[in-house]
Amino acid sequence: MFGKILIVALAAALGLGMVARSSHGAGPKRTYVVRPADTLWSIAARSVGGDPRQGVWQLEQLNHLSSTTLRPGQRLVLPG
C-alpha cells in the first residue's frame, strides 16, 4: 500500500514540475542609460546588490558585451 502511495506522489510531483513555469517575465526590464565616466564596475556597484564583480559579469552577459568599453547614451539592461 505504501509503495502505491509513494508512486502516485512521485508521479504527481513530476507532473507538477513539468507544468510549472519560471517567473522570468515577472516584471518589466530595468534599463540604465550610460553617462560620461560610467564604468561597468560603477554601474554594478550602484545597481546590483552584493559583489560588484558578479554584477559586472551579469551586465556583460545580459547585454552581450564583448568588451568593457561603454559609450555615453548606450542603454544597458540591468540584472533583475
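Residues numbered from 1 in each chain as written. Predicted model: local features only at pLDDT ≥ 70, side-chain atom pairs only at ≥ 80, totals over all residues. Heavy atoms only, no water.

(A) Just unusual backbone geometry, in detail. Its identity is not glycine, yet A37 carries a phi of approximately 75°, on the positive side. By relative accessible area, A37 is classed as exposed at 77%. Phi angles above zero are rare outside glycine, and H64 is one such case at about 50°. Here H64 is to be found in the loop between α3 (52-62) and β2 (75-77). Given a relative accessible area of 72%, H64 falls into the exposed group. (Buried < 20%, exposed > 50% of the residue type's maximum accessible area, 1.4 Å probe, protein only. Helix = DSSP H or I, 4+ residues; strand = E, 2+ residues; numbered from the N terminus.)

(B) Representation of the side chain of N63 within the structure. Checked against the element boundaries, N63 lands in the loop between α3 and β2. Within the structure, the side chain of N63 is placed 2.9 Å from the backbone oxygen of L59, a separation counted as a polar contact. Once you skip the residues sitting within four places of it in the chain, N63 turns out to touch R75, L76 and V77. (Polar contact = N/O pair within 3.5 Å; in protein donor to acceptor, adjacent residues only side chain to side chain. Contact = heavy atoms within 4.5 Å.)

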